[in-house]
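# Breakdown of the fold
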Amino acid sequence: MIHWPLLSLITFVPMIGVFFILIARGDEAVVVRNARFIALWTSLAVLALSVLLWVYFDPNTAAFQFVERANWITLGGFTISYHMGIDGISLFFILLSTLLTFLSILSSWVVIRVQVREYMIAFLVLETFMVGIFCSLDFILFYVFFEGVLIPMFVIIGVWGGENRIYSAFKFFLYTLLGSVLMLLAILAIYLQTVSTDIEFALNHANLFSFGLQKWLWLAFFASFAIKVPMWPVHTWLPDAHVEAPTAGSVILAGILLKLGGYGFVRFSLPMLPLASHFFTPLIFTLSVIAVIYTSLVALAQTDMKKLIAYSSIAHMGFVTMGIFAVTAASLQGAIIQMLSHGFVSAALFLCVGVLYDRLHTHEIARFGGLVERMPAYAFVFMVFTLAAIGLPGTSGFVGEFLILLGTFKVSTLECVLAATALFLAPAYMLYLYRRVIFGTLTRVDLRNILDLDLREKAIFAPLLALTLWMGLYPTSFVRPIQVSANHIIEQVTAAGNGTGPRQASLQ
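In this report, the structure presented in the accompanying data block is examined. Numbering of residues starts from 1 in every chain and runs along the sequence as written. Selection of residues for local features in this predicted model requires a pLDDT of at least 70, selection of side-chain atom pairs for listing and counting requires 80 or more, and totals for whole chains, interfaces and linings are taken over all residues. Remark: hydrogens and water are excluded; side-chain values derive from all non-hydrogen atoms of the structure.

Strands are runs of DSSP state E lasting at least two residues, helices are runs of H or I lasting at least four, and both sets are numbered from the N terminus onward. From N to C terminus, the chain includes 22 helices and 2 strands. Principal axes of the C-alpha set define a box for the chain whose edges measure 70 × 55 × 40 Å. Where accessible areas are quoted, they stem from the Shrake-Rupley method and a 1.4 Å probe; at the residue level, only the protein chains shown are allowed to cover. Accessible surface, the chain as shown: approximately 18600 Å² in total, 68% of it carbon and sulfur. Charge assignment in this entry is limited to Lys and Arg as positive and Asp and Glu as negative, and neither His nor the chain termini are counted. By convention, the point assigned to a charge is CZ for Arg, NZ for Lys, CD for Glu and CG for Asp. On the chain, the mean spot of the 26 positive side-chain charges and the mean spot of the 25 negative ones are 5 Å from each other.

Spelled out as structure tokens, the structure:
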């Protein structure tokens with residue numbers, strides 16, 4: 001085991017990059033160039049540090065690893081700890097966060113030309129908050145990071161977004177803030193019950209919460225996590241935010257921020273509030289099935305590429321929430337795998353849209369057609385991620401969906417069958433998108449001179465292509481570190497659910 005404060009380094013090294021960008025001096029061109037390189041090398045260093053987590057991670061234990069603990073704030077008898085640690089679930093979300101941050105900065109290298117220094121600062125600050133969420137083992141520390149991501153993302157959408165960026169930024173901010181206020185009340189209630197803000201303590205002492213209290217705490221956490229996922233019917237902020245956000249903003253929004261809700265359900269709702277989770281499972285199943293079917297149909301009607309992919313994201317996350325609350329080994333592992341897969345597949349799809357937007361400044365589907373004639377490399381990349389999005393075997397999208405359906409079928413056949421309709425709807429809207437953009441006759445004059453992917457763009461897509469195929473062809477390398485932690489959560493839920501009737505059989 002490595003003895004460095006590795007989690008603190010990964011979390012706060014981006015702030016060192018922020019400091020150097022702030023003190024950069026010279027004429028405007030020099031400051032802009034330095035800001036870009038500082039952000040790029042800082043994010044690359046953080047990515048390298050996060051890879052060390054995987055190298056030194058022990059997949060044979062469910063205990064938190066790389067633990068760091070110190071008193072942070074002491075007021076009278078109230079103590080907030082700086083408590084950091086990760087398990088097999090949070091490990092991959094940290095890796096995903098650091099990878100997508102690096103690729104986001106690289107993808108913005110040429111595109112962002114206004115207030116470049118501020119833009120790079122916003123992404124580095126955002127990286128600190130994202131990584132901090134997945135490392136935190138204290139409720140207050142978690143809440144600070146969880147709320148902190150709103151600020152840089154609000155700025156990214158509001159400053160560098162499209163024509164309606166102000167409306168979309170405020171809608172994003174207000175939706176997510178409202179739910180988080182209720183989560184804060186739940187955290188205060190947990191402290192009053194346990195006299196501790198330590199997450200690990202609460203997870204190991206779920207018996208301290210009565211069934212009545214669990215239901216109220218579950219609803220409070222649900223209000224925050226459901227908006228973040230987002231679940232139907234609190235999903236309307238997402239398409240607006242995606243359409244107006246710059247490409248890199250959409251990458252982080254789809255790749256990481258949507259996963260915060262699913263991560264919260266896995267980290268808090270299931271193991272800490274198991275009786276309430278069982279009680280509200282029918283609600284989750286109902287909302288998940290509606291999300292899968294309804295947003296897939298809405299995606300079919302879209303004329304904007306970004307909106308179509310945004311609605312497809314809501315449908316995919318409907319699979320995730322259903323898999324989480326089915327609480328079987330297959331469904332829970334599948335939900336986590338699906339979140340990871342969706343992280344790099346959806347990020348890649350938004351990058352594909354960004355490539356076209358950078359050239360023609362539009363993402364209307366009808367504006368394109370016949371691009372395979374001029375952009376064969378782009379057509380290939382777009383094809384791989386389109387097939388991954390519809391769950392083609394051999395790609396990462398298949399693994400998570402298969403495990404979720406397999407596990408959910410044991411618990412509720414009806415919901416499983418209804419959700420499986422997405423296996424037909426997803427190819428309908430994704431192949432419809434691909435056919436209209438890539439195939440057909442190239443008739444527009446400005447498309448005849450459009451340039452294929454350059455070296456920088458190929459470098460951005462390369463790791464995402466590799467991950468999509470790696471997870472699809474060799475999923476064990478991802479499942480193994482997750483498996484022990486996921487099984488531990490199922491054991492906690494099973495232990496709490498003893499004597500609850502027929503549900504018990506499905507938990508084993």
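What follows continues from the structure just given.
Bringing helix α7 (residues 165-194) into the picture now. How far a helix is expected to stretch is found by multiplying one less than its residue total by 1.5 Å. Spanning 30 residues, α7 covers 43 Å between terminal C-alpha atoms, matching the ideal 44 Å at 1.5 Å per step. Phi for Val 195, located one or two positions after α7, is positive at around 55°.

A cis amide bond links Val 229 to the next residue, Pro 230, at an omega of -10°. Structurally, Pro 230 is set in the loop between α9 (211-228) and α10 (237-244). The linkage connecting Trp 232 with the following residue, Pro 233, adopts the cis geometry, with an omega of 10°. On the secondary structure map, Pro 233 appears in the loop between α9 and α10. Unusually for a residue other than glycine, Phe 66 sits at a positive phi of about 55°. When you line up the elements, Phe 66 lands in strand β1 (residues 65-75). Here the phi dihedral of Gln 115 falls at roughly 50°; this positive angle occurs in a residue that is not glycine.

Each pair of aromatic rings is reported with the distance of its centres and the angle of its planes. Ring pairs are drawn from Phe, Tyr and Trp, using the six-membered ring of Trp, whenever the two centres fall within 6.5 Å, and their geometry is named by plane angle: stacked under 30 degrees, edge-to-face over 60, tilted for the rest. On inspection of all chains with the given rule, the structure shows 37 aromatic pairs. For the pair Phe 146 and Phe 225, a centre-to-centre distance of 6.1 Å together with 80° between the ring planes defines the contact as edge-to-face. Taken together, the positions of Phe 146 in helix α5 (residues 139-148) and Phe 225 in helix α9 put the pair 79 residues apart, joining distant regions of the chain. Comparing Phe 146 with Phe 225 shows no difference in burial state: the two are buried. When the NZ atom of lysine or the CZ atom of arginine is within 6 Å of a ring's centre and also within 35 degrees of its normal, the charge is said to sit over that ring. Above the ring of Phe 279, the side-chain terminus of Lys 215 is found at 4.9 Å from the ring centroid. The classification of residues rests on relative accessible area computed with a 1.4 Å probe and restricted to protein chains. Under 20% of the type maximum is buried, over 50% is exposed, and intermediate values are partly exposed.

On to a nonpolar patch on the surface, then. A cluster of nonpolar residues, Ile 16, Phe 19, Phe 20, Leu 22 and Ile 23, forms a patch on the protein surface that exposes about 480 Å² of accessible area. Along the chain, Leu 22 turns up in helix α1 (residues 6-23). We classify Leu 22 as partly exposed; its relative accessible area is 46%. Each patch groups residues whose relative accessible area exceeds 30% and which form no salt bridge, using 9 Å between like charges and 5 Å between nonpolar side chains of Val, Leu, Ile, Met, Phe, Trp and Tyr. By salt bridge we mean one thing: a side-chain nitrogen of Lys or Arg within 4 Å of a carboxyl oxygen of Asp or Glu.

Taking 1.5 Å per residue as the helical rise, helix α14 (residues 305-326) with its 22 residues ought to reach 32 Å, and the 32 Å between its terminal C-alpha atoms agrees with that figure. Taking burial as the measure, the 22 residues of α14 include 21 buried ones, the bulk of the element. The N-terminus of α14 is capped by Asp 304, whose side-chain oxygen sits 2.8 Å from the backbone nitrogen of Lys 306. Two residues or fewer past α14, Val 327 is found with a positive phi of approximately 55°. Definition of a polar contact: a pair of N or O atoms within 3.5 Å, with one able to donate and the other able to accept a hydrogen when the atoms are protein atoms, and with sequence-neighbouring residues admitted only if both atoms are side-chain atoms.

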